[in-house]
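Chain and residue survey
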Amino acid sequence: MRVGVGLALISAGSFGMSGALASGLMDAGWSAAAVVVVRVLLAGIVLLPFAIRQLDRRWELLRANASLVVAYGLIAVAGTQLAYFNAVANMQVGAALLIEYTAPIAVVGWLWVRHRQRPGAATVAGAVLGVVGLLLVLDVGAGMSASAVGVGWGLLAMLGAATYFVLSAHPTTLPATVLAAGGLLVGGVTLLIAGLVGIVPLQATTTTVVFESFETPWWAPVLTIGIVTAAIAYSTGIAATRLLGSRLAAFIALTEVLAALGFAWILLGEAPGLIQLLGGVLILAGVIAVRLGEPSEPVAIAVPLAAGQPVDRAD
């Protein structure tokens, strides 16, 4: 549990940096699709050597999980990030994340409908606290604003984020880094092809990127957004979700909103107000409530190994 929570917090903090960095790049002339393509392809390339080593020539595992890797790449990676960055282009970072991170409620609903995992009182209370906290984070009086276009992209990002948690917790013997690298490469190549044929606009510049209190060459935020906010974020996020289960991992990931607000404040000058800070406290309270509502003993699910031996994991 401690390892899982630690990995989930690292993942949330890493993801939280992406919105502010992407906003800076888009202000410098980058299109949302170009940011996503560079981000996920760079992350996939960075993780590829580690994935090959983890796979250890067990190519049958990759073939057996090909549909999972493709779905992860197209929906959880490419679709979610494209929708999120388009939302950021039409509203402030904190507001976009607010909408995206109602995803834990969708995860709870999916587990209830699909797997008959009815949420307990503590989980429901945590969900309510989390939603109220997110609404406070979106405090319009504190300067947050949202457009209809931005809200629409945010809702699509929310569905993609919910899919990310569900697929990350899917019972499989495919190593976490292999799933992350494969999904990132599939998502990145798909978006690159879509851009080359004109389905999505691909525009990048070498213009200096300007943040609130400093300027930087374009390659610095590009490397950071690929290595830190994608390679590290996705690999630790998958590992955390496999240790914690999709429901708890999704609620811990709400702390990404707090990280995003912090980075938006530092890099973009979008300072959170007192009401938004109160919302952050409620989000954390909601995470604690959901943790208390989790079963004391994990549910064991037998997953066949390549050698035919079962291994138990918690969902």
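Residues numbered from 1 in each chain as written. Predicted model: local features only at pLDDT ≥ 70, side-chain atom pairs only at ≥ 80, totals over all residues. Heavy atoms only, no water.

Considerations on empty space enclosed by the protein
Considering all chains together, one arrives at three cavities of 30 Å³ or more under this definition. Roughly 100 Å³ of volume is contained in the largest cavity. At the level of secondary structure, the elements contributing two or more residues to the lining of the largest cavity comprise α5 (66-90) and α9 (148-168). Here the lining of the largest cavity takes four residues from α5, the largest share from any one element. Taken together, the residues of the lining of the largest cavity break down into eight nonpolar, three polar and two charged. One number sums up the size of the second largest cavity: a volume of about 80 Å³. Surrounding the second largest cavity, A8, S11, A12, F15, Y101, Y164, F165, G237, A240, T241, A249 and A253 form its lining. Those elements giving two or more residues to the lining of the second largest cavity turn out to be α1 (2-16), α9 and α11 (219-244). Among the elements that make up the lining of the second largest cavity, the one with the highest residue count is α1 (four residues). (1 Å grid on protein atoms, 1.4 Å probe; cavity = no way out; pocket = protein on both sides within 12 Å on 5 of 7 lines; lining within 4 Å. Points joined across faces, edges and corners; volume = space filled by probe spheres on them. Helix = DSSP H or I, 4+ residues; strand = E, 2+ residues; numbered from the N terminus. Nonpolar A, V, L, I, M, F, W, Y, C, P; charged D, E, K, R; others polar.)

Examining the confidence of the model for the protein
Overall, the prediction assigns the protein a mean pLDDT of 79, with 87% of residues at 70 or greater. The lowest-confidence element of the protein is strand β3 (residues 300-304), averaging 37 in pLDDT; the highest-confidence one is strand β2 (residues 215-216), averaging 91. Here residues 296-315 is a poorly scored stretch, pLDDT under 50, and it has 38 contacts once near neighbours within four places are set aside; other chains count. (pLDDT = per-residue confidence, 0-100. Contact = heavy atoms within 4.5 Å.)

Quick word on the packing of aromatic side chains
Inspection of the entire model under this criterion finds eight aromatic pairs. Between Y72 and Y234, the ring centres sit 6.3 Å apart and the planes meet at 75°, which makes this aromatic pair edge-to-face. Residue Y72 is located in helix α5, and its partner Y234 is located in helix α11; the two are separated by 162 residues in the primary sequence. The exposure class assigned to Y72 is buried, which follows from its relative accessible area of 0%. Pairwise contacts between aromatic rings join F15, Y72, Y164, F165 and Y234 into one cluster. (Phe/Tyr/Trp six-rings, centres within 6.5 Å; stacked < 30°, edge-to-face > 60°. Buried < 20%, exposed > 50% of the residue type's maximum accessible area, 1.4 Å probe, protein only.)

Digging into the environment of T206
Topologically, T206 is positioned in the loop between α10 (176-196) and β1 (209-210). Put simply, T206 and W219 are 13 residues apart on the chain and 8.0 Å apart in space, counted from C-alpha to C-alpha.

Regarding unusual backbone geometry
When glycine is set aside, most residues are seen to have a negative phi, and most peptide bonds are trans. Positioned with a positive phi, D56 is a non-glycine residue whose angle comes to about 50°. Owing to a relative accessible area of 54%, D56 belongs among the exposed residues under this scheme. Its identity is not glycine, yet R57 carries a phi of approximately 65°, on the positive side. Of note, R57 is situated in the loop between α3 (32-55) and α4 (59-64). In this structure R57 comes out as exposed when scored by relative accessible area, which is 73%.

A look at the environment of I99
Within the secondary structure, I99 is located in helix α6 (residues 93-100). The class for I99 is buried, based on a relative accessible area of 12%. Put simply, I99 and M158 are 59 residues apart on the chain and 6.5 Å apart in space, counted from C-alpha to C-alpha. When residues no more than four places from it in sequence are discounted, the contact partners of I99 are M91, V151, G154, L155 and M158.

A look at the side chain of S235
As for its position among the elements, S235 is in helix α11. At 3.2 Å, the side chain of S235 and the backbone oxygen of I232 are in polar contact. Setting aside anything within four residues of it in sequence, one finds S235 in contact with L47, A176, A180 and A230. (Polar contact = N/O pair within 3.5 Å; in protein donor to acceptor, adjacent residues only side chain to side chain.)

Considering the nonpolar core
If you look at the biggest cluster of nonpolar residues, it comprises 89 residues, and the most contacted ones within it are V35, Y72, F85, F165 and Y234. Residues within four places of V35 in sequence aside, it is in contact with A22, L25, M26, W30, F85 and I225. (Core = buried A, V, L, I, M, F, W, Y, C linked by side-chain atoms within 4.5 Å.)

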